[in-house]
Amino acid sequence: MAKCIFQAAFSMSKRFASKKRLRASSGRRIGKNGIDFLVSFAPIVHSTKPPHTLICGTMPSINSFRHNQYFATHNNAFWHIVGDALGHRRKAPEGGWRTKSGTLTRVPSFIEDNLLYKEGPFLTYEEQLSALMEAGYALWDVLQSCEREGSTDSKIQMKSVAGNDIRGDACRVSAVIETTTQSFFYARLL
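Let me sum up the structure you'll find in this document. Predicted model, so just to flag it, every value in this text is computed and none were measured.

**Section: the overall build of the protein**
Working step 1: The helix and strand tally for the protein stands at seven helices and eleven strands.
Working step 2: Across the 190 residues in the protein, those meeting the buried criterion constitute 43%.
Working step 3: Of the roughly 10,700 Å² that the protein leaves accessible, carbon and sulfur atoms contribute 55%.

Below, the structure written as structure tokens:
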């Protein structure tokens, strides 16, 4: 078993120690003043093949909750980077990429212009998840729940966070990758 790369960098704060770590169903409940209560998705792990690497986000965006998909926003580079690493392209959803208002849009040029596999093969979300797991990766969020205004990690209400048990799961993999500065911060704090 690989040595866990998560060593406690910070002691757990007393205010987090008393919080129960219960998993409710994932989702978004719209709260007052634009602050939503959010519960992360379940981890994406192959049913029989143990992962070598856990990739951690912070908390799904509002668009991800709407589509029930990790990194669902067209201008999030995550699935495009994964596709380049594994030899495929991210397929647009049925009807194409759309903005919040429903206007048809496309993948931003800063992503599109830098892709290696411009000609495909194009994979659906489910096919991308399968390719990711087959390659030995697992996907989860550092936070189990939080209150946040909008989709930006920097808008997470610090007093509201409860973490997923990534240290326990991370000890079964040889590497952990955080996708954002905030997920890196929370992974060490919780």
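**Observations regarding the nonpolar core**
Working step 1: Within the largest apolar cluster, 28 residues are counted, with the highest numbers of intra-cluster contacts made by L54, Y70, W79 and L139.
Working step 2: Among the elements of the structure, β3 (53–57), α3 (78–86), α5 (125–134), β8 (137–141) and β9 (143–149) are those that each provide at least two residues to this core.
Working step 3: Among the elements that take part in this core, α5 stands out by supplying four residues, more than any other.
Working step 4: The contact partners of W79, leaving out residues within four places of it in the chain, are Y70, F71, R90, Y125, Q128, L129, L132 and L139.

**Things to note about the packing of aromatic side chains**
Working step 1: Inspection of every chain in the model, using the stated rule, returns six aromatic pairs.
Working step 2: Arranged with centres 6.3 Å apart and planes meeting at 35 degrees, the rings of Y70 and F71 form a pair that is tilted. Each of the two residues, Y70 as well as F71, counts as buried.
Working step 3: For the ring pair F71 and F78, a centre distance of 4.1 Å and an interplane angle of 25 degrees mean the geometry is stacked.
Working step 4: Classification of F71 as buried rests on a relative accessible area of 14%.
Working step 5: In textbook terms, an aromatic cluster arises when at least three aromatic residues are bridged by ring pairs, as seen for F41, F65, Y70, F71, F78, W79 and Y125.

**A closer look at the pairing of strand β2 (residues 35–39)**
Working step 1: The element β2 is largely enclosed, with a buried count of four among its five residues.
Working step 2: The pairing of β2 with β9 spans five bridges and is antiparallel. Note that in β9 the partner of I35 across the bridge is E149.

**Describing the side chain of S64**
Working step 1: Its place among the elements puts S64 in helix α2 (residues 62–67).
Working step 2: Looking at S64, the relative accessible area reads 2%, which means it is buried.

**What to know about the pairing of β8**
Working step 1: The buried count for β8 comes to four of five residues, which makes it a mostly enclosed element.
Working step 2: Pairing of β3 with β8, which is carried by five bridges, proceeds in the parallel orientation. Among the inter-strand pairings, T53 is bridged to a residue of β8, identified as Y137.

**So, the packing of α3 against α5**
Think of two packed helices as two axes; the pair is described by the angle between the axes and how far apart they sit.
Working step 1: Following both chains from N to C, one finds α3 and α5 inclined at 55 degrees, their axes separated by 11 Å at the closest point. Here α3 is positioned oblique relative to α5, judged by the angle of their axes. The handedness of the crossing between α3 and α5 is left-handed. For the pair α3 and α5, the contacting residues are W79, V82 and L86 in the first and Y125, Q128, L129, A131 and L132 in the second.
Working step 2: Residues that form the contact of α3 with α5 fall into these classes: seven nonpolar, one polar and no charged.

**Remarks on α5**
Working step 1: Residues of α5 that are buried include every one of Y125, Q128, L129, L132 and M133, and no others. Burial along α5 is one-sided: seen end-on, the buried residues are contained in an arc of 130 degrees.
Working step 2: Two residues or fewer after α5 comes G136, characterised by a positive phi angle close to 95 degrees.

**Looking at unusual backbone geometry**
Working step 1: Across the junction of G120 and P121, the peptide omega takes the value 10 degrees, indicating a cis bond.
Working step 2: Position of P121 among the secondary structure elements: in the loop between α4 (109–112) and β7 (122–123).
Working step 3: Of note, the phi angle at N68 is positive, near 55 degrees, even though the residue is not glycine.
Working step 4: Looking at the element boundaries, N68 is found in the loop between α2 and α3.

What counts as what
- Residues numbered from 1 in each chain as written.
- Predicted model: local features only at pLDDT ≥ 70, side-chain atom pairs only at ≥ 80, totals over all residues.
- Heavy atoms only, no water.
- Helix = DSSP H or I, 4+ residues; strand = E, 2+ residues; numbered from the N terminus.
- Buried < 20%, exposed > 50% of the residue type's maximum accessible area, 1.4 Å probe, protein only.
- Areas by Shrake-Rupley, 256 points an atom, 1.4 Å probe, with all protein chains shown as cover.
- Core = buried A, V, L, I, M, F, W, Y, C linked by side-chain atoms within 4.5 Å.
- Contact = heavy atoms within 4.5 Å.
- Phe/Tyr/Trp six-rings, centres within 6.5 Å; stacked < 30°, edge-to-face > 60°.
- Pairing = 2+ DSSP bridges.
- Axes fitted to C-alpha atoms, helices over the stretch in contact; angles between N-to-C directions.
- Parallel < 35°, antiparallel > 145°, perpendicular 65-115°, else oblique.
- Left-handed = near helix turned anticlockwise from the far one by under 90°.
- Nonpolar A, V, L, I, M, F, W, Y, C, P; charged D, E, K, R; others polar.
- Arc of directions from axis to C-beta.

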